[in-house]
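Single-letter residue listing:
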Amino acid sequence: FPSYGSFISTLNHKRESGSHSLSSPLLLPAVKQVRELPPICPDVRQKHRISIDVLPPEVKARFVSEPIIPIRTKTAKEFQDDVERATISGDWKQVLDFYLTTFDSFLELNGAFKPADTQKSVLKGIINSLLREWKGFLKCLSVSQNPQYTSPATYVIYAHLLRQIASLAEADHHFLMHWFKNVKALHKLTVKKECRFKQLVERLQLFITTRLFPAKPDELPPMAKCSWWIPSATKVLSLLNAANSISSPPIIPFTDLYNLTLDHIDFMEDYHTWQAHGNSNRFTFCQFPFILSTVVKKAIIQRDSEQQMISMARQTLVDKVSRRQRVDMSLLFLNIKVRRLQLVSDSLDELSRKRADLKKKLKVTFVGEAGLDMGGLTKEWFLLLIRQIFHTDYGMFTYVKESQCHWFSSWKCDNYSEFRLVGALMGLAVYNSITLDIRFPPCVYKKLLTPPIVPCDLDTPVSMATLTLDDLQQIMPDLAHGLGELLSYEGNVEEDFYTTFQVFQEELGVIKSYNLKPGGEKIPVTNLNRKEYIQLYIDFLLNKSIYRQFAAFYHGFHSVCASNALMLLRPEEVEILVCGSPNLDMGSLQRVVQYEGYSKTDPTIRAFWDVVLAFPLELQKKLLHFTTGSDRVPVCGMADLNFKISKIDVSTDWLPVSHTCFNQICLPPYKSKKELRQKLTIAISNAEGFGLE
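None of the values given here were measured: they were computed from a predicted structure.

(A) Structural detail: the overall build of the protein. When you go through the protein residue by residue, the secondary structure sums to 26 helices and 11 strands. Looking at the 693 residues of the protein, the share that counts as buried comes to 48%. Sequence separation of at least 24 residues holds for 70% of the intrachain contacts in the protein that already meet a minimum separation of 6. When the accessible area of the protein is evaluated, it comes to approximately 34900 Å², of which 54% is carbon and sulfur surface.

Here it is in structure tokens:
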């Protein structure tokens with residue numbers, strides 16, 4: 001079926017050719033002519049349709065409406081008259097009230113009135129008054145751009161200016177945030193045309209870093225006398241972070257707001273203080289998680305997980321001892337025993353039976369195979385299980401070729417335990433610091449954090465994130481483009497599209513209709529309500545139509561990974577923790593690799609790196625998987641792999657072998673680069689199980 005985009009192109013072509021008749025049959029997203037939810041094929045159009053007017057109660061959620069944008073009710077002349085009266089009387093309240101309820105920034109104010117030379121004195125009076133009312137925050141911005149304020153000697157003045165901004169009222173912070181959002185438009189005023197916004201961020205980060213770790217402690221006042229410096233700077237930085245978040249696209253990458261200096265503080269003490277006091281008046285960096293790097297957040301989650309594991313193991317031992325039962329050390333672990341041929345069903349049964357042990361250290365055994373799990377078998381279990389579950393024949397997930405990612409199948413059933421299993425697998429991976437090769441779109445991680453802590457009331461809807469066309473674009477780009485065309489269509493939407501607030505979905509050969517709002521089949525989509533239609537359409541497609549599947553997935557993930565530390569994470573950071581980075585840099589790996597029995601100048605090692613660096617990406621991934629059990633790069637980069645190349649004194653007829661538990665590859669002393677390439681390629685291409693000879 002043609003997309004909205006192609007349909008609109010057809011309409012435009014008709015208009016250009018002078019034909020305004022739309023009486024010919026067109027394929028529309030309506031009851032008679034269905035564009036509908038993908039995938040719908042022509043051979044199911046005539047199948048039985050079941051109308052469902054009311055969605056299941058658990059998927060009902062209020063839709064967040066757009067904020068009301070104030071309307072400018074004054075002309076430039078009327079505003080100038082108000083200013084003149086205020087100048088005479090000294091009462092600027094009317095001018096200020098109009099500004100605060102009308103403009104988001106001084107840029108808007110200047111752009112709206114564009115004063116002539118004769119009006120400069122009037123504008124100067126406006127700005128001077130507003131500067132006083134806003135307690136000098138623009139003065140702070142100007143000062144922060146002055147090069148002399150990069151010197152710690154002037155930090156006392158700068159700190160007072162930051163405290164002045166941090167102490168503004170919430171309403172002032174709101175408008176200041178929007179002002180920051182528009183600061184990027186001023187980049188042409190800088191000498192090197194650098195982003196003014198980024199300069200502000202870097203200046204604040206430098207201030208925080210210098211206060212934490214001063215090069216010359218005597219240059220700054222004692223920490224006891226200026227304990228408010230860092231909280232003030234961090235709060236101002238949070239306004240910049242908020243401005244960056246509401247900008248589309250973001251002004252700078254969110255990683256530019258990380259302060260890497262904080263990697264070296266006692267962040268666990270900060271985390272425990274935050275847990276004890278929350279967002280109270282006691283300052284912690286965890287109150288402003290945007291400033292903490294993914295490395296810090298991973299370390300917090302990892303240590304929090306370890307503490308939970310120790311607590312769970314201790315409780316098990318205490319229970320056994322109190323009952324005077326024999327203590328079996330296997331009780332300290334989550335022991336999973338599976339058969340390769342029944343991998344999914346066995347894993348599901350094991351995780352279901354041992355749900356109370358999910359927070360213990362994971363150990364995997366493949367039935368009928370010798371081997372002690374020191375980490376390698378666990379990695380292989382994850383890899384094989386994920387590969388089977390996400391296979392298209394299994395039916396749980398649909399692979400979308402357009403975006404090269406997996407999405408949840410919308411089929412309905414009585415038991416969604418397998419979706420819970422996938423969620424638990426992701427939680428176990430994060431909990432046990434293992435990266436997975438899962439290709440989910442970014443909005444999955446938004447939904448996983450909605451909310452980041454499971455509600456106490458289990459009937460409370462979860463994963464109902466507020467999603468946009470940008471989120472749909474990352475899953476179904478053609479459909480998102482078509483809806484975008486509908487949103488900007490300049491013709492008569494009601495007459496030309498003839499669609500209603502109703503969508504269709506195929507379930508096991510039956511097409512079911514769903515109303516996006518009560519009585520939706522009778523409500524036409526018009527130019528006035530098309531934005532609401534698109535919002536509801538996206539909400540249905542990405543939230544409501546897969547609610548039961550995703551809710552099971554959500555609860556599976558949080559059954560393992562529940563922690564207050566999840567509240568510190570952005571969706572992008574959850575994705576990095578789950579999947580690692582797909583960007584391999586073998587050059588970085590070469591610089592941090594360890595050798596045993598070899599040195600980096602040995603001919604075999606030189607040949608190895610010549611071969612590996614010349615490998616295509618696919619073979620490089622296979623090499624990483626062969627050696628470590630995963631083809632993904634950890635959060636902390638290649639250095640975190642502890643990759644080792646060891647010498648094995650056997651015949652050169654042997655293939656390389658690996659110990660995935662220790663991220664170690666063992667190479668015989670091959671005599672030529674050609675021989676090494678041949679043997680290495682065979683080994684890494686046949687690396688699963690124990691079938692190698």
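(B) Geometry of helix H25 (residues 617-628). The terminal C-alpha atoms of H25, which comprises 12 residues, lie 16 Å apart, in line with the 16 Å expected from a rise of 1.5 Å per residue. Burial within H25 is extensive, with 9 of its 12 residues counted as buried. All of the buried residues in H25 are Leu 619, Gln 620, Lys 621, Leu 623, Leu 624, His 625, Phe 626, Thr 627 and Thr 628. Buried residues in H25 make contact with helix H14 (376-389), helix H23 (586-592), helix H24 (603-614), strand E10 (657-659), strand E11 (664-667) and helix H26 (673-685).

(C) Fine view of the environment of Leu 536. Relative to the elements of secondary structure, Leu 536 occurs in helix H20 (residues 530-542). Sequence separation of Leu 536 and Thr 468 is 68 residues, and the distance between their C-alpha atoms is 10.0 Å.

(D) Fine view of the sheet that holds strand E9 (residues 644-647). Spatially, the 4 strands line up as an open sheet ordered E8-E9-E11-E10, and their pairing is mixed. Each edge of the open sheet carries a strand with a single partner, namely strand E8 (594-596) and E10. The average undirected angle you get between the axes of adjacent strands in this sheet is 25°. Taken together, the 3 bridges between E10 and E11 define a ladder with antiparallel strand orientation. Directly across from Val 657, in E11, lies its bridge partner Cys 666.

(E) Fine view of the nonpolar core. Counting 136 residues, the largest nonpolar core has Trp 381, Ile 389, Trp 407, Phe 408, Met 426 and Phe 440 as the members making the most contacts within it. Among the elements that take part in this core, helix H15 (residues 417-431) stands out by supplying 10 residues, more than any other. Those residues in contact with Ile 389 that lie beyond four places of it in its chain are Val 344, Tyr 394, Met 396, Phe 397, Leu 421, Val 422 and Leu 425. Of all hydrophobic cores here, the second largest spans 28 residues; its members include Leu 623, Leu 624, Val 633 and Ala 683.

Calculation rules
- Starting afresh in each chain, residues are numbered from 1 along the sequence in its written order.
- The model is predicted, so local features are restricted to residues of pLDDT at least 70 and side-chain atom pairs to those at 80 or more, both for listing and for counting; the totals for chains, interfaces and linings are taken over all residues.
- Computation of side-chain values: all heavy atoms of the structure, hydrogens and water removed.
- Helix and strand assignments follow DSSP, with helices taken as H or I runs no shorter than four residues and strands as E runs no shorter than two, numbered in order from the N terminus.
- Whether a residue is buried, partly exposed or exposed follows from its accessible area with a 1.4 Å probe, protein chains only, as a fraction of its type maximum: under 20%, in between, or over 50%, in that order.
- Only heavy atoms enter the contact rule, under which two residues are in contact if any of them lie within 4.5 Å.
- Note that accessible areas follow from Shrake-Rupley with a 1.4 Å probe, and for residues the cover is restricted to the protein chains shown.
- Every helix has an expected span of 1.5 Å times one less than the residues it contains.
- In this analysis, strands are considered paired if DSSP registers two or more bridges between them.
- Axes here refer to lines fitted to C-alpha atoms; in helices the fit is confined to the stretch in contact. Angles between the N-to-C directions go from 0 to 180 degrees.
- Grouping buried Ala, Val, Leu, Ile, Met, Phe, Trp, Tyr and Cys residues that are joined through side-chain atoms within 4.5 Å yields what is termed a nonpolar core.

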